[in-house]
Amino acid sequence: EIEAKYAKKMQVLRDELDLRRKTEIHEVEERKNSQISELMRNHEKAFSDIKNYYNDITLKNLALISLLKEQMEEMKKKEIQLEKEKADVLLQNKQLKEPLQQAQEQVSELQKKLAHYDKDKEALTNTKAWLKVTQKELKDLQWEHEVLEQRFGKVQAERDELYQKFTKAINEVQQKTGFKNLLLERKLKGLLGVLEKKEVELNEVFTASNLDPGALSLVSRKLEDVLNSKNATIEDLQLQLARVCKAHNDMLQTLEAKLTAFGIPLDNLGFKPLASPVPGQ
């Protein structure tokens, strides 16, 4: 009975333990399956993250490669441009080499001039002092200039007045002198004509009279006396005419000198003074 009792308890305990073991095994399996599912989800998520990460890296690398290619093309273009600029700069350097030498020579000359800077500075100081004196003299001269301008205006008015009076007097004198010259010339021509006529008449009288040589000599002497008297009269008239012509020309020279002294051009007279030719010249 005891063995049966304990066998029955043993069986009941075995069944309970077996049920517990199965339950625990089932729970363990469920936990295992749950952990497996969780791990699988984690692994899938990690794989997806890694995949996305590497996809992003790949896309970024592709974009970077494309950008680097563009930058490389730009660098090549810049390199070509820089080569052209380099060639231009080298050409400019060759062209500027000669001006550079000239500039260096100028710098050398300027350095030589700089050595004389102190002398130039002293000269500048002296020049400034002289400039002050000159400015003072300039002010004095300007004041004198104003005074002279006032005097010049007054003299110019007097000159215009004298010019008008002088022109009027010249016209009157020229008219009188020309009229007198004309009378003297006509008188001289008339006397010459009378003399020629008398000589012709005298020759005709001599020819027609058939005088003896003594009477002819006496008549000739008287005729010579008359001719000498007439010639003296003619010479006197010629001398008077020469004096009048010379006086007229002297007056014209005086007029020109006065006009020049007053600064009046000869063209402003309105006529051209006529110089009389002196007889015998």
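Being a predicted model, the structure only gives us computed values, none of them experimental.

**Comments concerning the overall build of the protein**
Okay, so step 1: Summing up its helical and strand segments, the protein has three helices and zero strands in all.
Okay, so step 2: For the protein, the succession of helices and strands along the chain, N to C, is α-α-α.
Okay, so step 3: Counting all 281 residues of the protein, 10% fall into the buried class.
Okay, so step 4: In the protein, of all internal contacts separated by at least 6 residues, the share reaching a separation of at least 24 is 78%.
Okay, so step 5: Split by element, the accessible area of the protein, about 24400 Å² in all, is 58% carbon and sulfur.

**Digging into the nonpolar core**
Okay, so step 1: In this structure, Leu-184, Leu-237, Leu-241, Val-244 and Cys-245 together form the largest nonpolar core, which totals five residues.
Okay, so step 2: If we ignore the near neighbours within four places in the chain, the residues touching Leu-237 are Leu-184, Lys-187 and Leu-191.

**Focus on the packing of aromatic side chains**
Okay, so step 1: Enumeration according to the criterion identifies one aromatic pair in this entry.
Okay, so step 2: Ring centres 5.3 Å apart and planes at 75 degrees place the aromatic pair Tyr-53 and Tyr-54 in the edge-to-face group.
Okay, so step 3: Above the ring of Tyr-6, the side-chain terminus of Lys-9 is found at 5.2 Å from the ring centroid.

**Quick look at helix α1 (residues 2–115)**
Okay, so step 1: End to end, α1 covers just 142 Å across 114 residues, shorter than the expected 170 Å (1.5 Å per residue, more than 12% under).
Okay, so step 2: Its maximal kink placed at Leu-96, α1 deviates by approximately 40 degrees, while the proline Pro-99 follows within four residues.

**A closer look at the pattern of salt bridges**
Okay, so step 1: All chains considered together, the criterion is met by five salt bridges.
Okay, so step 2: Lys-22 serves as the salt-bridge partner of Asp-18, at 3.7 Å between the closest nitrogen and oxygen. One end of the pair, Asp-18, and the other, Lys-22, are both in helix α1, four residues apart, so they sit about a helical turn from each other.
Okay, so step 3: The exposure class assigned to Asp-18 is partly exposed, which follows from its relative accessible area of 24%.
Okay, so step 4: We classify Lys-22 as partly exposed; its relative accessible area is 49%.
Okay, so step 5: Through salt bridges that share partners, Asp-18, Arg-21 and Lys-22 make up one connected network.

Cut-offs used in this document
- Residues numbered from 1 in each chain as written.
- Predicted model: local features only at pLDDT ≥ 70, side-chain atom pairs only at ≥ 80, totals over all residues.
- Heavy atoms only, no water.
- Helix = DSSP H or I, 4+ residues; strand = E, 2+ residues; numbered from the N terminus.
- Buried < 20%, exposed > 50% of the residue type's maximum accessible area, 1.4 Å probe, protein only.
- Contact = heavy atoms within 4.5 Å.
- Areas by Shrake-Rupley, 256 points an atom, 1.4 Å probe, with all protein chains shown as cover.
- Core = buried A, V, L, I, M, F, W, Y, C linked by side-chain atoms within 4.5 Å.
- Phe/Tyr/Trp six-rings, centres within 6.5 Å; stacked < 30°, edge-to-face > 60°.
- Lys NZ or Arg CZ within 6 Å of the ring centre and 35° of its normal.
- Expected span 1.5 Å × (residues − 1).
- Bend = angle between axes of the 7 residues up to and from the residue.
- Salt bridge = Lys/Arg side-chain N within 4 Å of Asp/Glu carboxyl O.

In short, geometric facts, not functional conclusions.
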